[in-house]
Amino acid sequence: MSKRYAKSIAAHAIAKRLMPGGVNSPVRAYQAVGRLPITMASGSGCTVTDVDGNAYIDYVGSFGPLIAGHAVDEVIAAINKAARHGTSFGMPTELETQLAQAVVGAVPGIDVVRFVNSGTEATMSAMRVARGATGRSKIVKAIGGYHGHSDALLVQAGSGATTLGSPSSPGVPEAIARTTLLVPYNDLSAVEQLIAEQGDDIAAVLIEPIAGNMGCVPPADGYLEGLRKVCDGSGVLLIFDEVMTGFRVAYGGAQALYHVKPDLTALGKVVGGGLPCAAYGGRDDLMRRVAPDGPIYQAGTLSGNPLAMAAGLATLELLQGDEAYAQLEQTSAHLAAGLEKAAADAKVGITVGRVGSMLTPFFTDTPVTDYAGATACDTEAFGRFFCAMLDAGVVLPPSQFEAWFVSLAHTDEAIEATIAAAAKAFKVVAKSA
Ligand SMILES: *Cc1c(COP(=O)(O)O)cnc(C)c1O
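Residues numbered from 1 in each chain as written. Predicted model: local features only at pLDDT ≥ 70, side-chain atom pairs only at ≥ 80, totals over all residues. Heavy atoms only, no water.

### What about the nonpolar core?
Consideration 1: Tyr59, Leu335, Phe363, Phe385 and Phe426 are the most contacted members of the largest nonpolar core, which totals 42 residues.
Consideration 2: Of all elements in the fold, only strand S3 (55-58), helix H12 (323-345), helix H14 (379-391), strand S13 (394-395) and helix H15 (412-432) reach the threshold of two or more residues within this core.
Consideration 3: With residues up to four places along the chain from it excluded, the contact list for phenylalanine 385 reads Phe363, Leu396, Trp404, Ala422, Ala425, Phe426 and Val429.
Consideration 4: Counting 30 residues, the second largest nonpolar core, distinct from the first, contains Ile202, Met214, Leu238 and Ala374. (Core = buried A, V, L, I, M, F, W, Y, C linked by side-chain atoms within 4.5 Å. Buried < 20%, exposed > 50% of the residue type's maximum accessible area, 1.4 Å probe, protein only. Helix = DSSP H or I, 4+ residues; strand = E, 2+ residues; numbered from the N terminus. Contact = heavy atoms within 4.5 Å.)

Printed below as a string of structure tokens:
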């Protein structure tokens, strides 16, 4: 094993001395699956290649942005063209208006948009608009919901914070954590009760319309509609964090898929086509309160960066029409069905949570509807599965509490090869159980 990964192991040893965990985002250190991270050299289509020359079919997809695949010609050409004209100006460019037009045209709840550089900034800024507009300070979020690493939202958060067992981080002041109210995901009555009791202090319900950071957990029937209704009755704003789901589950995001329109929306990941870019937007009257139209301050030196705008535009171009999403649905359904059958054949209990091209095989027999259900899964079995898949040439997000991402570059042959690898990996899991 160590020979196959020799260069990755050496690279990690150096990186570890220079950066916490040798990484720039905690999940990448592979702690949840109990092995050393592999270091990447290149990506192309649905495959990535590490510094030792091992190739893998990739379901990380940079944790969501790469819906078209790695190093896609159209995206690279757009980035190159933009770069030749200058990489940043601190003055407006037409590319920003073009991507704004695409976003406003696509996402039902966005009349006006502001670009930022990360999903963290997008949710943090949307929350500021909600607080500024309502004059209220409290925010309701789901236990296990991840909205980036800003102070108020890093309370009982999912994703890496779940995996690392540090749901509330040191460094988040108590006073700020107290402004965050927690509810179990998919529990509408919990939100109704909170709003009945403290509605006058609550600025917004901030929710992933499809939970993606406790693994992929779809909303229960009527959940999103119910949130819309209770917010409407109480002056509480509804914010959808569509950083993962925007342009992923449908061109207009989860709000288009489920026909529920939030007051504010956070976008990220796909909208930047693999470059650092995110956005928040919403109702005209709310977004006009953002500086310089209004008094709510938010700014960014590299916001609306031309390279990121170009990559986002080129990626959205590839998603236009129904064809792209039909293909993603077909390949993802194929993968989910194949995983379920392979697990059943090996007598390993799994339940696949999936919406379109985001999915998570949970190592449990019980359908997962919330964070308690997700964390009840057999994470050690997932770890063994992950390692067996990696050794077989398939790289997965390194935690039970992450979604896998299928891209337009995943061919039926790649899916078949993944299912064949999974059939063997489930047998490894069954044997060591
Ligand atoms: C990834 C993610 C974020 C954070 O985005 P970053 O670009 O990593 O800061 C926020 N919300 C959701 C739902 C996400 O999936």
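After presenting the structure, the write-up continues.
### Some words on H12
Owing to its 3.6 residues per turn, the α-helix brings residues three or four apart onto one side.
Consideration 1: Along its 23 residues, H12 runs 33 Å from first to last C-alpha, staying within 8% of the 33 Å computed at 1.5 Å per residue.
Consideration 2: Listed in full, the buried residues belonging to H12 are Ala324, Tyr325, Leu328, Thr331, Ser332, Leu335, Ala336, Gly338, Leu339, Ala342 and Ala343.
Consideration 3: Just past H12, the residue lysine 347 takes up positive phi, approximately 60°. (Expected span 1.5 Å × (residues − 1).)

### As for the site of the ligand
Consideration 1: Taken together, Ser118, Gly119, Thr120, Tyr146, His147, Gly148, Glu208, Asn213, Asp241, Val243, Met244 and Lys269 make up all the residues around the ligand.
Consideration 2: At a separation of 3.3 Å, a nitrogen atom of the ligand approaches a polar backbone atom of tyrosine 146.
Consideration 3: Between the ligand and lysine 269 there is a distance of 2.6 Å, counted from an oxygen atom to a side-chain nitrogen or oxygen.
Consideration 4: In the complex, the protein chains occlude 82% of the 380 Å² of accessible area that the ligand would expose alone.
Consideration 5: The class makeup of the residues in the shell around the ligand is three nonpolar, six polar and three charged. (Near = heavy atom within 4 Å. Polar contact = N/O pair within 3.5 Å; in protein donor to acceptor, adjacent residues only side chain to side chain. Areas by Shrake-Rupley, 256 points an atom, 1.4 Å probe, with all protein chains shown as cover. Nonpolar A, V, L, I, M, F, W, Y, C, P; charged D, E, K, R; others polar.)

### Some words on the domain arrangement of the chain
Consideration 1: Domain annotation of the chain identifies domain 1 (3-71 + 322-432) and domain 2 (73-319).
Consideration 2: Taken over C-alpha atoms, the centre of domain 1 sits 25 Å from the centre of domain 2.
Consideration 3: At the interface, 35 residues of domain 1 touch 36 residues of domain 2.
Consideration 4: Of the roughly 2800 Å² buried between domain 1 and domain 2, counting both surfaces, carbon and sulfur atoms make up 69%.
Consideration 5: Looking only at domain 1, the three residues that lose the most surface to domain 2 are Tyr325, Met358 and Tyr371, adding up to 25% of its buried area.
Consideration 6: Remark: the boundary between domain 1 and domain 2 carries zero salt bridges.
Consideration 7: Our enumeration of links across domain 1 and domain 2 arrives at seven residue pairs in polar contact (both at pLDDT 80 or more).
Consideration 8: Secondary-structure elements contributing two or more residues to the side of domain 1 that touches domain 2 are H12, strand S11 (351-355), strand S12 (358-362) and helix H13 (371-375).
Consideration 9: Its residues assigned to classes, the side of domain 1 that touches domain 2 shows 23 nonpolar, nine polar and three charged. (Domains from an automatic or database assignment. Buried area = accessible area lost by both parts, 1.4 Å probe. Salt bridge = Lys/Arg side-chain N within 4 Å of Asp/Glu carboxyl O.)

### Details of the sheet that holds S12
Consideration 1: Spatially, the three strands line up as an open sheet ordered S11-S12-S14, and their pairing is antiparallel. Two strands close off the open sheet at either side, each with one partner strand: S11 and strand S14 (404-405).
Consideration 2: One ladder, built from two bridges, connects S12 with S14; its direction is antiparallel. Bridging across to S14, leucine 359 finds its partner in tryptophan 404.
Consideration 3: Lying on the sheet, H12 is in contact with S11, S12 and S14; it crosses S11 at an angle near 175°. (Pairing = 2+ DSSP bridges. Axes fitted to C-alpha atoms, helices over the stretch in contact; angles between N-to-C directions.)

### Topic: the sheet that holds strand S2 (residues 47-50)
Consideration 1: One open sheet accounts for four strands, arranged S1-S2-S3-S13; its pairing is mixed. Each having just a single partner strand, strand S1 (40-44) and S13 make up the two edges of the open sheet.
Consideration 2: Examined bridge by bridge, S2 and S3 share three bridges and lie antiparallel to one another. Considered in S3, the bridge of threonine 47 is made with isoleucine 57.

### Points about unusual backbone geometry
Consideration 1: Here the bond from alanine 291 into proline 292 is cis, since omega is 10°, no more than 30 degrees from zero.
Consideration 2: Mapped onto the elements of the fold, proline 292 is located in the loop between helix H10 (284-287) and helix H11 (306-319).
Consideration 3: With phi around 65°, phenylalanine 63 is a residue other than glycine that occupies positive phi space.
Consideration 4: Tracing the sequence through the fold places phenylalanine 63 in the loop between S3 and helix H2 (73-84).
Consideration 5: Not every positive phi belongs to a glycine, and phenylalanine 247 is a case in point at roughly 60°.
Consideration 6: Residue placement: phenylalanine 247 occurs in the loop between strand S8 (237-242) and helix H9 (254-258).

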